[in-house]
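# Observations on the three-dimensional arrangement
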Amino acid sequence: MKRVVVGLSGGVDSSVAAHLLKEQGYEVIGLFMKNWHDDSVTISNECPWLEDSNDALLVAEKLGIPFQTVDLSEQYKEKIVDYMFNEYEQGRTPNPDVLCNREIKFDVFMKIALSLGADYVATGHYCRKGETAIDGKPVYQLLAGKDGNKDQSYFLCQLSQEQLAKSLFPIGELTKPEVREIATRLNLVTAEKKDSQGLCFIGKVRLPEFLQQQLQPKEGVIYEIGADNPIYSQEKPEFDSLEQQLAYESAGISYVPENGKVVGKHPGAHYFTIGQRKGLNVGGTKEALFIIATDVKSNAIYTGQGHNHPGLFRKTLRVQPSEIHWIREDLALKNGETMQVTARIRYRQELQKATLYQFESGLYVSFEDPQSAITEGQFVAWNIGEELVGSGVIS
């Protein structure tokens, strides 16, 4: 009998995942990860992880599976939290959920599971695992979940073949309503529980407040750039090569204060991210102000009115060579090669038609249509059909 360790988070998805595995005849062990206990940073007055671990315990009892809690807060702080602050300080916007899957759930947690004699680790992600053979060896595929509204393959875009080989995603074939229905039928305490928002495993965290407790405020100026600014109608230079053109397109515009007018003050450019419109506290504009660029060196924020402002859109992004990750290593591009894909630059975005161009200087993702708020530090993931084949950090 194969043994599976399920990451029971205290939510409905992982609860139903555990039940389905048991029905499929696996020996199932429930493990709750505790990832936070730093009292010097008050995250919220609620103590969600206690509540969540309690719910996970009740679910395990109901399903009749062994249960234990593992404390991964030290690894979590080092691999996720410290990294996040470092990224924010440099003016980039990290994606803690993608990292948490790569560094914690499918690495630290997986190693614990395997040390318990597990054959697999299972999570409550809405995605599916496929398998194909290349040169007689099994190759694993990360496929979209059946529920179009909840496909979470994006969050697993940094997994490796080794990690996928040992992973199971029991609810990938189901929709969220079907999952809730099963939980209700089983009378699980998590059946009606709302989906958790906030950082992976820290519970109900609001990122801005969390950041403000760690990063020093530094007052700076907010500039507004008009949509009709000549900077947007400049002639494109002549390019000697496609690579040069892609590099130019992916670099975006470098703004200077002279491009705009002062419309307000902010507590620190490192708290803000491109495409953000809440938290600026600037009134009196006809349309909402969106952040089109931040400059942590000069501590300036550049904004534009409305979500169609030309400063929000770019067609091309670059991934540095060291940040290119192929789940399907057999499909990896060689320098000079291209590939037609569909790609997304954030969770829940519709897949967009794009072309990958691989050069020694990095991988360029060039979209058919300009994309809004391409953000440094976030992940771009690319698909062939419903299979997610690779990803990278936007540089």
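Residues numbered from 1 in each chain as written. Predicted model: local features only at pLDDT ≥ 70, side-chain atom pairs only at ≥ 80, totals over all residues. Heavy atoms only, no water.

## What to know about the overall build of the chain
The helix and strand inventory of the chain stands at eight helices and 17 strands. Its C-alpha radius of gyration of 23 Å places the chain within 12% of the 21 Å reference for a compact globule of 395 residues. Along the first, second and third principal axes, the C-alpha atoms of the chain reach 65 × 55 × 35 Å. For the chain, with 395 residues in total, the buried portion stands at 51%. Within the chain, contacts between residues at least 6 apart in sequence are counted, and of these 69% link residues at least 24 apart. Here the chain contributes 41 positive and 53 negative side-chain charges, whose respective centroids are spaced 3 Å apart. (Helix = DSSP H or I, 4+ residues; strand = E, 2+ residues; numbered from the N terminus. Rg over C-alpha atoms; globule rule 2.2 N^0.38 Å. Buried < 20%, exposed > 50% of the residue type's maximum accessible area, 1.4 Å probe, protein only. Contact = heavy atoms within 4.5 Å. Lys, Arg positive; Asp, Glu negative; His and termini not counted. Charge placed at Lys NZ, Arg CZ, Asp CG, Glu CD.)

## A few points about the pairing of strand 10 (residues 289-295)
Within strand 10, five of the seven residues are buried, leaving the element largely enclosed by the surrounding structure. The pairing of strand 10 with strand 11 (residues 300-305) spans six bridges and is antiparallel. Directly across from Asp295, in strand 11, lies its bridge partner Ala300. The loop that links strand 10 with its antiparallel partner strand 11 comprises four residues; one of these, Asn299, has a positive phi angle of about 55 degrees. (Pairing = 2+ DSSP bridges.)

## A closer look at the pattern of salt bridges
Taken as a whole and judged by the stated rule, the model has 17 salt bridges. Lys261 is paired through a salt bridge with Glu224; the nearest N and O atoms lie 4.0 Å apart. One end of the pair, Lys261, is in strand 9 (residues 261-266); the other, Glu224, is in strand 8 (residues 220-224), and 37 residues separate them in sequence. For Glu224, a relative accessible area of 9% puts it in the buried group. When salt bridges that share partners are traced, they join Lys79, Arg102, Glu103, Asp107 and Lys111 into one network. (Salt bridge = Lys/Arg side-chain N within 4 Å of Asp/Glu carboxyl O.)

## A few points about the packing of helix 1 (residues 12-23) against helix 6 (residues 176-185)
Geometrically, a packed helix pair is captured by the angle between its two axes and the distance between the axes. Orientation of helix 1 relative to helix 6, taken along the N-to-C sense of each, is 70 degrees, at an axis distance of 9 Å. With respect to each other, helix 1 and helix 6 are oriented roughly perpendicular. Remark: the crossing between helix 1 and helix 6 carries left-handed chirality. Between helix 1 and helix 6, the residues in contact are Val12, Asp13, Val16, His19 and Leu20 and Lys176, Val179, Arg180, Ile182, Ala183 and Arg185, respectively. Within the contact of helix 1 with helix 6, the residues separate by chemical class into six nonpolar, one polar and four charged. (Axes fitted to C-alpha atoms, helices over the stretch in contact; angles between N-to-C directions. Parallel < 35°, antiparallel > 145°, perpendicular 65-115°, else oblique. Left-handed = near helix turned anticlockwise from the far one by under 90°. Nonpolar A, V, L, I, M, F, W, Y, C, P; charged D, E, K, R; others polar.)

## Concerning the sheet that holds strand 2 (residues 27-34)
Strand order across the open sheet formed by five strands is 3-2-1-4-7, with parallel pairing between neighbours. Strands at the two margins of the open sheet, each flanked by one partner only, are strand 3 (67-71) and strand 7 (167-168). Taken strand by strand, helix 1 contacts strand 1 (3-7), strand 2, strand 4 (120-122) and strand 7, and its axis lies near 170 degrees from that of strand 1. Sheet strands touched by helix 4 (residues 96-115): strand 1, strand 2, strand 3, strand 4 and strand 7. Its angle to strand 2, the strand with the most contacts, is close to 125 degrees.

## Considering the sheet that holds strand 11
In sheet architecture, strand pairing relies on hydrogen bonds along the backbone and comes in two forms, parallel and antiparallel. Spatially, the four strands line up as an open sheet ordered 9-8-11-10, and their pairing is mixed. This sheet does not close on itself; its edge strands, each paired only once, are strand 9 and strand 10. Across the sheet, the axes of successive neighbouring strands diverge by a mean angle of 30 degrees, strand direction being ignored.

## What to know about the packing of helix 3 (residues 73-89) against helix 4
Following both chains from N to C, one finds helix 3 and helix 4 inclined at 160 degrees, their axes separated by 10 Å at the closest point. Classed by the angle they form, the pair helix 3 and helix 4 counts as roughly antiparallel. In terms of crossing hand, the pair formed by helix 3 and helix 4 is right-handed. Residues Gln75, Tyr76, Lys79, Ile80, Tyr83 and Met84 of helix 3 touch helix 4, and the partners they reach there are Pro96, Leu99, Cys100, Glu103, Ile104, Asp107 and Val108. When the residues that make up the contact of helix 3 with helix 4 are grouped by side-chain class, the tally is nine nonpolar, one polar and three charged.

## Topic: the state of the cysteines
By the definition in use, this model includes zero disulfides. Here Cys127 stays free of any disulfide, with the sulfur of Cys157 as its closest cysteine sulfur at 11 Å. For Cys127, a relative accessible area of 0% corresponds to the buried category. (Disulfide = S-S within 2.5 Å.)

## A short note on the packing of aromatic side chains
Following the criterion strictly, the structure yields 10 aromatic pairs and no others. Their ring planes at 70 degrees and their centres at 5.4 Å tell us that Trp326 and Trp382 sit as a pair that is edge-to-face. Taken as a pair, Trp326 in strand 12 (residues 313-326) and Trp382 in strand 16 (residues 379-384) lie far apart in primary sequence, 56 residues in all. Look at Trp326 and you get buried, because its relative accessible area is 9%. Trp382 sits in the buried class, given a relative accessible area of 0%. Ring pairs connect the aromatic residues Tyr223, Tyr232, Tyr255 and Tyr302, which therefore count as one cluster. (Phe/Tyr/Trp six-rings, centres within 6.5 Å; stacked < 30°, edge-to-face > 60°.)

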